[in-house]
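For reference, the chains in residue letters:
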There are 2 protein chains.
Amino acid sequence: MDIHIVIMAGGVGSRLWPLSTPELPKQFIDLLGVGKTMLQITAERFKPICKADHFWVVTSEDYVELVKRQLPEVPESQILAEPEPRSTAPCIAYACKKISMHFPDAVVVVTPADAIVIRTERFTSIIEKALDFAENSDNIVTVGIKPTCPATGYGYICAASIEENQIVKVSSFKEKPDRETASSYLAAGNYFWNAGIFVWNVRTINEQIARFAPQICLMMNRMADFFYTDQEAEAVEKYFPQCEKISIDYAVMEKSDDIYVIAGDLGWNDLGSWSSVGDYIPRTEQTNSLVGDNVRLFDCSNCIVHATDAKQLVVQGLDGYIVAEKAGNIMICKISEEQRIKEFSKGK
Amino acid sequence: MDIHIVIMAGGVGSRLWPLSTPELPKQFIDLLGVGKTMLQITAERFKPICKADHFWVVTSEDYVELVKRQLPEVPESQILAEPEPRSTAPCIAYACKKISMHFPDAVVVVTPADAIVIRTERFTSIIEKALDFAENSDNIVTVGIKPTCPATGYGYICAASIEENQIVKVSSFKEKPDRETASSYLAAGNYFWNAGIFVWNVRTINEQIARFAPQICLMMNRMADFFYTDQEAEAVEKYFPQCEKISIDYAVMEKSDDIYVIAGDLGWNDLGSWSSVGDYIPRTEQTNSLVGDNVRLFDCSNCIVHATDAKQLVVQGLDGYIVAEKAGNIMICKISEEQRIKEFSKGK
């Protein structure tokens with residue numbers, strides 16, 4: 001099977017300011033203090049499935065050098081630069097269209113660059129099942145995450161049956177629910193978090209985009225005349241920004257009837273907020289989550305502290321706060337107020 | 001009258017960490033966010049009394065370059081370098097001995113480099129009275145500060161009478177009192193804060209040192225053979241560190257009977273702690289004290305925030321905290337715990 005991995009690494013991660021900034025978004029950072037960036041962790045997760053010479057990364061043109069540096073094993077020609085962010089549908093359409101021209105039988109896994117998966121072996125097995133299914137089928141397979149709490153920060157996939165680790169039909173996609181609805185999803189058992197991971201053969205996704213997102217398909221066809229030529233960058237620069245700005249969920253998933261899901265309890269988290277990061281970084285004895293060698297905490301509890309650039313950071317007497325520092329930017333705020341971080345991060 | 005000003009600028013200001021560090025102590029910092037360092041503010045305070053060519057600064061040899069840069073109007077030959085800190089008695093003895101050799105009729109004001117005086121005109125008038133008295137007298141005049149609260153962080157001068165703005169005899173010096181004793185001092189009316197400011201003619205202080213601190217006098221005499229020669233630095237390097245490490249208060253003031261005080265309500269503060277600094281820096285509408293252009297506060301009150309090097313600092317939801325940043329060192333602590341700052345500042 002001709003497997004390819006497409007890593008989407010164009011996001012800006014504004015909810016993790018000041019660690020994540022437009023100059024250096026969270027996928028390029030060692031968020032968890034493990035010596036690897038989220039992009040590197042993501043790439044590593046797919047190495048049991050596919051060699052790195054079949055990895056593709058789609059990112060902003062501003063981040064191409066970062067990707068080259070962090071994933072030197074990925075061929076430079078497979079790092080695709082978006083001239084401007086147009087959400088996931090144009091991003092995916094570009095990568096899959098280009099792959100399909102040289103690899104018409106490719107079966108592709110698309111993944112965000114910035115999530116964590118704890119149970120990687122189970123993940124590998126689920127992806128392999130999805131690949132086997134997608135190779136000879138005109139269907140799309142999404143990966144669902146068995147919810148562990150009534151989270152309101154994720155979209156949900158409603159499956160036709162409750163089975164885990166099996167490929168089942170998708171009944172519908174659900175947007176981020178309120179708390180009550182999320183609780184009913186959790187109780188029902190056949191609702192899964194949408195991890196934004198998709199598996200398909202390139203023929204199928206190209207057809208689905210042609211059918212449900214014809215404007216994007218048109219731009220891709222214009223660009224495709226120049227793929228693998230010296231004029232590719234110029235063509236992308238011209239046509240890509242004209243693509244409709246729309247997520248793959250809205251553009252295809254919610255419209256198509258050919259969607260399946262394979263769900264599992266994978267220990268997955270999109271690290272989309274400081275509190276989720278706090279759940280995955282080392283705990284001190286005093287219930288603080290701490291990344292940073294030059295940090296000393298006194299009388300602190302339930303704090304999330306992330307400071308890797310500070311020469312010294314001393315924190316005394318805080319309970320339930322985020323203290324984050326990166327490159328001279330410092331934020332101190334209550335964890336309970338973390339939804340205001342976009343407001344906090346806006347300079348004067 | 002041949003007036004000279006001796007500014008003692010050798011302290012390390014450890015209670016204002018991380019703003020004040022051994023590399024750049026508080027007297028060399030724009031503590032109050034006014035565009036001038038405490039040393040510059042101190043020097044300015046004496047310019048109505050004496051021209052800068054009669055200013056002397058005693059400091060650690062590590063800080064000589066800082067002094068030259070911050071007070072270019074002071075002759076370089078009048079910046080005296082201590083090879084190591086030996087408290088105030090050897091510092092004062094060195095400056096006054098050296099001054100006396102070229103200026104035997106000098107009348108000297110000795111002052112710390114790091115205090116603030118709000119009522120500068122009243123201060124000038126008090127210093128001038130003290131100088132007039134000291135010129136033709138074998139007595140020492142200290143400057144007392146009329147207490148505004150029962151402070152436990154200062155030594156007290158017990159005067160023979162309650163009069164302000166008059167030169168009166170000192171009955172005794174009192175070490176830092178407990179709260180109850182400080183309250184009784186405040187009620188009595190004849191107790192004044194010891195600001196560490198002294199006025200005398202050089203003959204008098206040399207004699208008093210000879211009488212009450214003979215070991216220091218001996219070292220000074222050995223050094224004095226080389227004052228104003230190429231070998232001065234070498235002699236100071238050799239003998240100064242052998243001086244007894246003792247404050248002028250212990251060495252002379254508490255032993256001598258020839259001490260007078262002139263006291264006033266001067267708006268004086270030694271800025272010896274973060275809370276005292278907080279009292280003198282600009283207030284925001286939300287009762288925070290703030291120095292730093294790149295700071296934004298949300299839902300904060302009663303905080304002292306000082307951050308001039310941070311690219312951005314955002315603080316949310318703190319009440320009664322110090323947030324201080326300098327050169328990549330960051331401290332967050334309750335104001336009520338500020339006496340622990342020495343502990344906090346000790347690196348691992």
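Residues numbered from 1 in each chain as written. Chains lettered and ligands numbered in written order. Predicted model: local features only at pLDDT ≥ 70, side-chain atom pairs only at ≥ 80, totals over all residues. Heavy atoms only, no water.

Digging into the overall build of chain A
Line of reasoning, step 1. Within chain A one finds eleven helices and 17 strands.
Line of reasoning, step 2. The principal-axis extents of the C-alpha atoms in chain A amount to approximately 60 × 50 × 35 Å.
Line of reasoning, step 3. The buried share among the 348 residues of chain A stands at 58%.
Line of reasoning, step 4. Looking at chain A alone, contacts between residues at least 24 apart form 67% of all its contacts between residues at least 6 apart.
Line of reasoning, step 5. For chain A, the exposed surface amounts to about 14100 Å²; the carbon and sulfur share of it is 47%.
Line of reasoning, step 6. When the 34 positive and 47 negative side-chain charges of chain A are each reduced to one mean point, those points stand 3 Å apart. (Helix = DSSP H or I, 4+ residues; strand = E, 2+ residues; numbered from the N terminus. Buried < 20%, exposed > 50% of the residue type's maximum accessible area, 1.4 Å probe, protein only. Contact = heavy atoms within 4.5 Å. Areas by Shrake-Rupley, 256 points an atom, 1.4 Å probe, with all protein chains shown as cover. Lys, Arg positive; Asp, Glu negative; His and termini not counted. Charge placed at Lys NZ, Arg CZ, Asp CG, Glu CD.)

Focus: the relation of the copies chain B and chain A
Line of reasoning, step 1. Overlaying chain B with chain A gives an RMSD of 0.1 Å, the required rotation being 180° about an axis along which the chain moves by 0.1 Å. Taken together, the rotation and translation relating the two chain copies correspond to the operation of a two-fold axis. Of every C-alpha in chain B, the one belonging to B:Gly328 sits nearest the axis of rotation, 3.5 Å from it.
Line of reasoning, step 2. Taken together, the interface assignments show that 100% of the residues at the interface of chain B recur at the interface of chain A, consistent with an identical surface on both copies. (Least-squares fit on C-alpha atoms with pLDDT ≥ 70 in both.)

Description of the pairing of strand β9 (residues 191-201) of chain B
Residues and elements named next belong to chain B.
Line of reasoning, step 1. Buried residues dominate β9, accounting for eleven of its eleven residues.
Line of reasoning, step 2. Relative to β9, strand β4 (residues 107-112) runs antiparallel, the two sharing four bridges. Counterpart to Val 107 in the pairing with β9 is Asn 201.
Line of reasoning, step 3. Inspection of the sheet shows strand β6 (residues 140-145) paired to β9 by four bridges, in the antiparallel sense. Of the residues in β9, the one forming a bridge with Thr 142 is Phe 198.
Line of reasoning, step 4. Pairing of strand β7 (residues 156-159) with β9, which is carried by three bridges, proceeds in the antiparallel orientation. By the bridge assignment, Tyr 156 is partnered in β9 with Trp 193. (Pairing = 2+ DSSP bridges.)

Looking at the pattern of salt bridges
Line of reasoning, step 1. Under the defined criterion, the tally for this structure stands at 27 salt bridges over all chains.
Line of reasoning, step 2. For B:Asp299, the salt bridge identified is with A:Arg340, shortest N-O distance 2.9 Å. Highlighted residues: B:Asp299 in the loop between β13 (295-298) and β14 (304-307) and A:Arg340 in the loop between β17 (329-334) and α11 (341-345), drawn from two different chains.
Line of reasoning, step 3. For B:Asp138, the salt bridge identified is with B:Arg203, shortest N-O distance 4.0 Å. With B:Asp138 in the loop between α4 (120-135) and β6 and B:Arg203 in helix α6 (residues 202-212), this pair connects stretches of sequence that are 65 residues apart.
Line of reasoning, step 4. Because the salt bridges share partners, they merge into one network encompassing A:Asp299, B:Glu337, B:Arg340 and B:Glu343. (Salt bridge = Lys/Arg side-chain N within 4 Å of Asp/Glu carboxyl O.)

Side note on the packing of helix α3 (residues 88-102) of chain A against helix α6 (residues 202-212) of chain A
Residues and elements named next belong to chain A.
Line of reasoning, step 1. Two numbers describe how α3 lies on α6: the axes approach to 9 Å, and their chain directions differ by 130°. Classed by the angle they form, the pair α3 and α6 counts as oblique. Once α3 is placed against α6, the crossing between them reads as left-handed. On the side of α3, the interface is formed by Ile 92, Ala 93, Cys 96, Lys 97, Ile 99 and Ser 100, while α6 contributes Val 202, Ile 205, Asn 206 and Ile 209.
Line of reasoning, step 2. Of the residues belonging to the contact of α3 with α6, the class tally is seven nonpolar, two polar and one charged. (Axes fitted to C-alpha atoms, helices over the stretch in contact; angles between N-to-C directions. Parallel < 35°, antiparallel > 145°, perpendicular 65-115°, else oblique. Left-handed = near helix turned anticlockwise from the far one by under 90°. Nonpolar A, V, L, I, M, F, W, Y, C, P; charged D, E, K, R; others polar.)

Some thoughts on the interface of chain B and chain A
Line of reasoning, step 1. On the chain A side, the residues contacting the 34 residues of chain B number 34 residues.
Line of reasoning, step 2. Summed over both partners, the interface of chain B with chain A comes to about 2700 Å²; 51% of that surface belongs to carbon and sulfur atoms.
Line of reasoning, step 3. Broken down residue by residue, the surface that chain B buries against chain A is led by B:Gln316, B:Ile330 and B:Ile332, which jointly contribute 24%.
Line of reasoning, step 4. Taken together, the links from chain B to chain A amount to two salt bridges.
Line of reasoning, step 5. Taken together, the links from chain B to chain A amount to 26 residue pairs in polar contact (both at pLDDT 80 or more).
Line of reasoning, step 6. At the level of elements, β13, β15 (312-316), β16 (321-326), β17 (329-334) and α11 (341-345) of chain B are the ones that each hand at least two residues to the side of chain B that touches chain A.
Line of reasoning, step 7. Among the elements that make up the side of chain B that touches chain A, the one with the highest residue count is β17(B) (six residues). (Buried area = accessible area lost by both parts, 1.4 Å probe. Polar contact = N/O pair within 3.5 Å; in protein donor to acceptor, adjacent residues only side chain to side chain.)

Some details on the sheet that holds β14(B)
Line of reasoning, step 1. Within the open sheet, the six strands sit side by side as β13(A)-β15(A)-β17(B)-β16(B)-β14(B)-β12(B). Their pairing is mixed. Because the sheet does not close on itself, it has two edges, and the strands there are β13 (295-298) of chain A together with β12 (289-291) of chain B. Direction aside, the axes of adjacent strands within the sheet are offset by 5° on average.
Line of reasoning, step 2. Two strands pair when backbone bridges link them, and strand β15 (residues 312-316) of chain A and β17(B) are joined in this way by four bridges, in the parallel orientation.

Brief notes about the confidence of the model for chain A
Line of reasoning, step 1. Mean pLDDT over chain A: 95, with 99% of residues reaching 70 or higher.
Line of reasoning, step 2. We note a pTM of 0.88 for the whole complex and an ipTM of 0.87 for its interfaces. (pLDDT = per-residue confidence, 0-100.)

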